[in-house]
Amino acid sequence: MHKTLPGARRLIITWGILMGLTLISMLSAQLFETGWQALPLWGALLILISTGFKAHQVLMVYLNLRTSTPGWKGAFVGLALLTLTLILSGYLAARYQLLG
């Protein structure tokens, strides 16, 4: 079975989407620039969702996992989700400490 690499068009479109999501993440973090305060929960979730989508695109397009076996896809996506869950847990623990 012949596995193809992503074309230049797909790579450029993916790069544009990744840059747009990075800008959204940066702007959402800047909305509450009032000193050293925790981001609101919705801001943190927006950044984590954006980051999760970006990680998925990097895995599927740039690492070309879209053509690999379901086991490899599941392992890498699972590790990305685990990482995002740990980051969210750390955020919630820190927020609880600040509020509690």
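The following paragraphs examine the structure supplied in this document. (Residues numbered from 1 in each chain as written. Predicted model: local features only at pLDDT ≥ 70, side-chain atom pairs only at ≥ 80, totals over all residues. Heavy atoms only, no water.)

**Things to note about helix H2 (residues 41-62)**
- Taking 1.5 Å of rise per residue, the 22 residues of H2 would be expected to cover 32 Å, and the 30 Å separating its terminal C-alpha atoms lies within 8% of that figure.
- Considered for burial, the residues of H2 that qualify are Gly43, Ala44, Ile47, Leu48, Ser50, Gly52, Lys54, Gln57, Leu59, Met60 and Val61.
- Of the residues trailing H2, asparagine 64 is marked for its positive phi of about 60°. (Helix = DSSP H or I, 4+ residues; strand = E, 2+ residues; numbered from the N terminus. Expected span 1.5 Å × (residues − 1). Buried < 20%, exposed > 50% of the residue type's maximum accessible area, 1.4 Å probe, protein only.)

**Let's talk about the side chain of serine 50**
- In this fold, serine 50 is placed in helix H2.
- In this structure serine 50 comes out as buried when scored by relative accessible area, which is 5%.
- Not counting chain neighbours up to four residues away, the residues in contact with serine 50 comprise Leu21 and Ser25. (Contact = heavy atoms within 4.5 Å.)

**Brief notes about unusual backbone geometry**
- Phi at asparagine 64 takes a positive value of approximately 60°, unusual for a residue other than glycine.
- With respect to the helices and strands, the residue asparagine 64 is situated in the loop between H2 and helix H3 (70-99).
- The class for asparagine 64 is buried, based on a relative accessible area of 13%.

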